[in-house]
Amino acid sequence: MKRSDYLRQGKSENYQDAEEKGLLKAGEVAALLSKKFNTKISAKELSVFSTEWHHAGVFKGARNGRLIGRKVYFFSATDISHISLDAILANRNKAAEKPLPDNSPVQGWYPQFFRMTDPVTRRTFPKPFIGIYKGPASKAPKGFRALPDDAFAAAEKQRGKELKPGEEPRF
């Protein structure tokens, strides 16, 4: 019976069990707490206070049309009684205090990998080359190593040079 419900509704068995137990969903709890505290509270803010979540099915994503799973957070009556307005506001402030990205300019090199195909076996493998990056530190590629001005000038001349396994280029 539950399997056919899953196919029809897109809810997992654990999700259906939580509904049968009478657990409240995050949206319902947000509405209750909004009335209780006289402050607008979203269901997304309450996800950190939840002790239980279940899959609600697979849906088409908004950005690129890929399939994504959705989580639904459940709360019992005792869980709801332990949530205070101070805790919600503290969590809201913590989320607002994201550190700013480091936009200081950097320059250097990084190992840049390209997929190469062996002509005999037709197998592909990654091959490392020297890549050059100059820009903000927050957008630096993986494996980036900063260089001073004179070494950076020498590294620009070696851009695209193949790296042997374990080789560390000298600039």
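Before reading further, recall that the structure is shown in the block above.
Residues numbered from 1 in each chain as written. Predicted model: local features only at pLDDT ≥ 70, side-chain atom pairs only at ≥ 80, totals over all residues. Heavy atoms only, no water.

Engineer: Before we go on, may I ask you to explain unusual backbone geometry in this structure?
Structural biologist: The backbone of Asn38 shows a phi angle near 60°, a positive value even though the residue is not glycine. Along the chain, Asn38 turns up in the loop between helix 3 (26-37) and strand 2 (52-60). The phi angle at Arg122 is positive, at roughly 65°, despite the residue not being glycine. Along the chain, Arg122 falls in the loop between strand 4 (105-117) and strand 5 (124-136). (Helix = DSSP H or I, 4+ residues; strand = E, 2+ residues; numbered from the N terminus.)

Engineer: Please explain the environment of Val48 as it appears in this structure.
Structural biologist: Secondary-structure assignment places Val48 in the loop between helix 3 and strand 2. Residue Val48 is classed as exposed on the basis of its relative accessible area of 52%. (Buried < 20%, exposed > 50% of the residue type's maximum accessible area, 1.4 Å probe, protein only.)

Engineer: Is there a simple way to think about the sheet that holds strand 5 in this case?
Structural biologist: By way of backbone hydrogen bonds, the strands of a sheet pair with one another, either parallel or antiparallel. With antiparallel pairing, the three strands of this open sheet are ordered in space as 5-4-6. Each end of this open sheet is capped by a strand with a single partner; those strands are strand 5 and strand 6 (145-146). Here strand 4 runs beside strand 5; their pairing, made up of 13 bridges, is antiparallel. Residue pairing for strand 5: Trp109 is matched across the bridge by Ile132. This element, helix 6 (residues 149-157), spans strand 4 and strand 5 of the sheet and lies at about 140° to strand 5. (Pairing = 2+ DSSP bridges. Contact = heavy atoms within 4.5 Å. Axes fitted to C-alpha atoms, helices over the stretch in contact; angles between N-to-C directions.)

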